[in-house]
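Results of the structural survey
Chain by chain, the residues:
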Amino acid sequence: MTIIFMIPLDKLVIEGGVPLKGTVMVSGAKNSVLPIMAACLLTESACKISNVPDLKDVITMVKILRSLGAHAELEDGVLSINAKNVRNHTADYKLVSTMRASFCVLGPLLGRFKKAKVSLPGGCVIGARPVDLHLKGIKNLGVDIDIQAGYVVATSRRLRGKSMFLGGDYGSSVLATGNVMMAAVLAEGKTIIESAACEPEVVDLADFLNKMGAKIKGQGTPCIEIEGVKHLRGAEYSIIPDRIEAGTLILASAITRGDVLIKGALKSHLGALIDKLAQMGVKVKDTEAGLKVKTENKLKPVNITTLPYPCFPTDMQAQIMSLLSVTQGVSVITEKIYPDRFMHVAELNRMGANIMREGPHAIIEGKKFFSGAPVMASDLRASAGLVLAGLAAKGRTDVRRIYHLDRGYEKLEVKLKLLGARIWRERE
Ligand code: EPZ
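Nothing here was measured: the structure is a model prediction, and the numbers come from that model.

**Side note on the sheet that holds strand β22 (residues 374-376)**
The strand order across the open sheet built from four strands is β22-β23-β1-β24, with neighbouring strands paired in mixed fashion. Each edge of the open sheet is held by one strand with a lone partner, namely β22 and β24 (422-427). The sheet shows a mean angle of 25 degrees between the axes of neighbouring strands, direction not considered. Sitting on the sheet, helix α12 (residues 380-392) is in contact with β1 (10-15), β22, β23 (396-400) and β24, with an inclination near 30 degrees to β1.

**A closer look at the site of the ligand**
Taken together, 23 residues are adjacent to the ligand, and Arg 100, Leu 133, Ser 173, Asp 315 and Ile 337 come closest. Taken by itself the ligand offers 820 Å² of open surface, and the protein chains cover 91% of this. Breaking the shell around the ligand down by element, the ones donating at least two residues are α1 (30-39), α5 (132-140), α6 (174-184) and α12. If you tally residues by element for the shell around the ligand, the top one is α5, at three residues. Its residues assigned to classes, the shell around the ligand shows 11 nonpolar, five polar and seven charged.

**Structural notes on helix α7 (residues 200-211)**
The terminal C-alpha atoms of α7 lie 16 Å apart, and with 12 residues this matches the ideal 16 Å at 1.5 Å per residue to within 8%. Among the residues of α7, Pro 200, Glu 201, Val 202, Asp 204, Leu 205, Ala 206, Phe 208 and Leu 209 are the ones counted as buried. Within two residues after α7, Gly 213 carries a phi angle of roughly 110 degrees, on the positive side.

**Some points on the pattern of salt bridges**
For the coordinates displayed, the defined rule picks out 22 salt bridges. Residue Arg 341 pairs with Asp 315 through a salt bridge whose shortest N-O separation is 2.8 Å. Pair noted here: Arg 341 is in the loop between β19 (329-335) and α11 (343-350) and Asp 315 is in the loop between β18 (304-306) and α10 (317-325), with a separation of 26 residues, a long-range link. For Arg 341, a relative accessible area of 7% gives the class buried. Take Asp 315: its relative accessible area is 16%, and that puts it in the buried class. Each of Asp 10, Asp 406, Glu 413, Arg 425 and Arg 427 takes part in a single network of salt bridges with overlapping partners.

**Here we look at the nonpolar core**
Ranked by size, the top nonpolar core spans 80 residues in total, and within it Met 37, Ile 49, Leu 106, Met 181, Phe 208 and Leu 209 carry the most contacts. In terms of residues, this core owes the most to one element, α6, which gives seven residues. When neighbours within four sequence positions are excluded, Met 37 is seen to be in contact with Val 58, Met 61, Val 62, Leu 65, Leu 79 and Ile 81. Of all hydrophobic cores here, the second largest spans 66 residues; its members include Ala 254, Met 351, Ala 373 and Ala 389.

Conventions adopted
As a convention, each chain's residues are numbered from 1 in the sequence order in which they are written. Where local features are concerned, this predicted model is filtered to residues with pLDDT of at least 70; where side-chain atom pairs are given and counted, the filter is 80 or more; whole-chain, interface and lining totals use all residues. Just so you know, side-chain values use all the structure's heavy atoms and leave hydrogens and water out. Paired strands, in this sense, are two strands between which DSSP finds at least two bridges. Secondary structure elements follow DSSP: runs of H or I no shorter than four residues count as helices, runs of E no shorter than two count as strands, and numbering proceeds from the N terminus. What counts as an axis is a line fitted to C-alpha atoms, over the stretch in contact for a helix, and the angles between N-to-C directions run from 0 to 180 degrees. Note on contacts: a residue pair is in contact if any heavy atoms of the two residues lie within 4.5 Å. Distances are taken per atom, and a residue is near a molecule or strand as soon as one of its heavy atoms is within 4 Å of it. With residues, only the protein chains shown are counted as cover, and all accessible areas are computed by Shrake-Rupley using a 1.4 Å probe. By the convention adopted, Pro, Cys, Tyr, Trp, Phe, Met, Ile, Leu, Val and Ala count as nonpolar, Lys, Arg, Asp and Glu as charged, and the other residues, Gly among them, as polar. Under the convention used throughout, the expected extent of a helix is 1.5 Å for every residue step, that is, one less than its residue count. Note on exposure labels: buried denotes an accessible area under 20% of the residue type's maximum, exposed denotes more than 50%, and partly exposed covers the range between, all computed with a 1.4 Å probe on protein chains only. Here, a salt bridge means any Lys or Arg side-chain nitrogen found within 4 Å of an Asp or Glu carboxyl oxygen. Put simply, buried Ala, Val, Leu, Ile, Met, Phe, Trp, Tyr and Cys residues joined by side-chain atoms within 4.5 Å make one nonpolar core.

Any functional reading would require information that these geometric values do not contain.
So this is what it looks like as C-alpha cells:
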C-alpha cells in the first residue's frame, strides 16, 4: 500500500471591490539580501544584516549557508552570519534546484577557497534560465570549469583580475554580475566588467562588499571596476527596500482606486513604473512620509516593454498586466527579458480578461472589470498579479498554491488586510 503525503497547500481567498486606504511599510529587498548573504562567505569574520524580509527564499539561503558549514541565524529581521568554519564547498542539487539565486554562492566560494562545486540551477516556469554568462565571467578570472553530473566543478590556482564584456542576448545579467564581482574582490589585480547589470540590488551588493573592505567603483553603471584586495572583514549592513514589493503595492492602490501611503519605498528605484503610471493617469506623489498613490479617474491604456534597469522591470510585468486588463482600450506588453513569462495570462483570462499572447507580446483589450474565480499561481510574480486582479474583481477569487508568493512577499495578505482588503489565507 503506498501512502501519499500531501504537502498542505495554502490559498489566498479574496472578496474583491474594496478601495484600499491607509499606510503600509515596504520590507527589505529579496533580490538584494540573497546575494549579500552569499557574500558573507568571503570572510571568516561575523556579518550582521538588518532589514531582512522573512521570506522562504531567505530561509533557503540560510539552509545553503549552513550546509556549507557557516553559522546563519535570522531573528526579528536581523541575519547573523559567520563563515569561519566553512569546510564544505559543495552546494547540493536539492537546495539549489529550489532557488536559482543560490547559484550565486559560486563566486564567493571561488573568491575565498579557489574551489566550488555548485549544482546547475535548471530552468523554471519563466524561462530556461541559462548560466553561460556566469561561467564565461568566472573563466575570465582564471578558473577551470568542468560540468559533471549537473554540477559546475570550478577550481583555480589563483584568481587574476581581467577586463571582460558580460552582456548577453537579453542584455545584462543581475546575478552573473554579482557572481563575477564576488569572485573578483579577492583576485590579484583589477577586473573591469563591461555591460554590468545596473539594478539597485547590484549596487547594494557592491556597497556591502566595499563595507567589507573591497575596492569596487562604478556600481549602478554598465562599467564596474574591482581592484582585488588580500582580505575582507566582517560588516554590518542594512538592506535597501524592495522596489518590486513597493511597485506591487502601488498597483494594489491603483487597481482598487484606493488612496494609499507607501512608506520606506525609494521613488528613485521606480522611475520606469511611475512614468508609465503617469501616462495612464495614476499619480504617485513623493512626500516626506512616503509615496502617496491616489487614483480616482478613468485610466488610459499604455504599451510596456520590459528591459534591464532602469527601464521597465520584468518582475513588474504580471502585476501591470492585471491593471491594464481592466483599463479600457488596447495595451501591448512586450517581454524582452523572459519571452515565455506569461503563465498568468490564462489565469487572468479565466477572470474575464481578454489577453492574446503572440510570441513575446501580450495584446490586452481592457475590460470593465474582473470576475472572481479560482485561479492557480505558477511563479512568484504571476501570483502577485493574480492577487491584484482578485482585489479588483467582483466576487470571490481563490489564488491557489501561494507558496510561490511566500517566496518573495513578506506577509502580503496581512499588509493588504491592514489597508482594508477582504483577504485571508486558507488551507486547500
Ligand atoms: C534576477 O535574476 C532576479 N532574481 C530576477 O527576479 C529578475 O527577474 C532578473 O534578475 C531580471 O531582472 C534575483 O535577483 C534573485 P538575469 P537573474 O541573469 O540574475 C539571461 C524575481 O521574481 N541570462 O538578470 O537570474 C536570462 O535568461 C526573480 O524576484 C543568460 O542568457 O536574471 C534572462 O533572459 C525572477 N545567461 C536575462 O539574461 C546567463 O548566464 C536576464 O537574466 C544569465 C542570464
